[in-house]
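Here's the letter readout for the chains.
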Amino acid sequence: MKRLALIAAAALALPGLACAQSAGNTAKAAAPQAKANRIAVQPARSAAPAPAVAPVDLPPAGGEQMAAASMAYYGEYQCEFNQTLNVAMNPRHDGYLDVSFRNRTYTMKPVLSHTGAVRLEDVRGQMLIVQIATKSMMIDTKLGQRVVDGCMHEAQRVAAAKPRSGGGIGIEQAPDAPATTAAR
């Protein structure tokens, strides 16, 4: 409390000291004031622009990748907390997708998993989107946490509204994977 009182007293006394100084000392007193004014007038620094992302040399898509790309849902997804995700075909590379989220666009490689889920893997290794029949989610693989969850494309919304025929969660086995038997 004493410290606050001393600071307040010093702030009140400084303007009085500048007026009481002689004409010879006025230049010395004005120099710090001019420096303070110059600092106060300088505009605030703006954030540095985001570094330009260098293009990645992508290998041509194979048959499995093209099949997975055809199974992905294209268009807008409505996600939790009023967030949106948009999936579109990459205009320069066949078999790759562009995913837009929060003013960023990620180029992703579609991969069909053995469970029937479609994974969209960021070619830079940062993000991953998992699409199942009834919802999708985006995961930051470097941080190891979900970025957004509960994303639903219109086709997923329709699938979620249908009554379930079995006890599963909406993932079907890939058509080319061999069926396994439960008996051992």
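Below is a summary of the structure that appears in this document. Predicted model, so just to flag it, every value in this text is computed and none were measured.

**Details of unusual backbone geometry**
Right, so step 1: Unusually for a residue other than glycine, Phe-81 sits at a positive phi of about 60°.
Right, so step 2: Its place among the elements puts Phe-81 in the loop between strand S1 (75-78) and strand S2 (84-89).
Right, so step 3: The residue Asn-82 is not glycine, and still its phi comes out positive at about 55°.
Right, so step 4: Checked against the element boundaries, Asn-82 lands in the loop between S1 and S2.
Right, so step 5: Taking the relative accessible area as the measure of exposure, Asn-82 reaches 78% and is therefore exposed.

**Description of the side chain of Asp-98**
Right, so step 1: On the secondary structure map, Asp-98 appears in strand S3 (residues 97-101).
Right, so step 2: One buried charged residue, Asp-98, remains without a salt bridge, the closest side chain of opposite sign being Arg-92 at 6.7 Å.
Right, so step 3: At a separation of 2.9 Å, a polar atom in the side chain of Asp-98 contacts the side chain of Asn-90.
Right, so step 4: Within the local environment of Asp-98, its side chain forms a polar contact with the side chain of Thr-107, the two groups lying 3.3 Å apart.
Right, so step 5: Setting aside chain neighbours within four positions, we find Asp-98 in contact with Asn-86, Val-87, Ala-88, Met-89, Asn-90, Pro-91, Thr-105, Tyr-106 and Thr-107.

**Focus on the state of the cysteines**
Right, so step 1: Scanning the model with the defined rule gives one disulfide in all.
Right, so step 2: Here Cys-79 connects covalently by a disulfide to Cys-151, the sulfurs 2.1 Å from one another. Because the sign of the S-S torsion sets the handedness, a value of about 110° for the bond joining Cys-79 and Cys-151 places this disulfide among the right-handed ones. Of the two residues, Cys-79 is situated in the loop between S1 and S2 and Cys-151 in strand S8 (residues 145-151); the sequence distance between them amounts to 72 residues.

**Some thoughts on helix H3 (residues 63-71)**
Right, so step 1: Listed in full, the buried residues belonging to H3 are Gln-65, Ala-68 and Ala-69. Around the axis of H3, the buried residues are gathered within 105° of arc, so they sit on the same side. What points out from H3, more than 90 degrees from its buried face, is the exposed set Gly-63, Glu-64 and Ser-70.
Right, so step 2: Considering only its buried residues, H3 is in contact with strand S4 (104-112) and strand S5 (118-122).

Rules and cut-offs
Residues numbered from 1 in each chain as written. Predicted model: local features only at pLDDT ≥ 70, side-chain atom pairs only at ≥ 80, totals over all residues. Heavy atoms only, no water. Helix = DSSP H or I, 4+ residues; strand = E, 2+ residues; numbered from the N terminus. Buried < 20%, exposed > 50% of the residue type's maximum accessible area, 1.4 Å probe, protein only. Lys, Arg positive; Asp, Glu negative; His and termini not counted. Salt bridge = Lys/Arg side-chain N within 4 Å of Asp/Glu carboxyl O. Polar contact = N/O pair within 3.5 Å; in protein donor to acceptor, adjacent residues only side chain to side chain. Contact = heavy atoms within 4.5 Å. Disulfide = S-S within 2.5 Å. Arc of directions from axis to C-beta.

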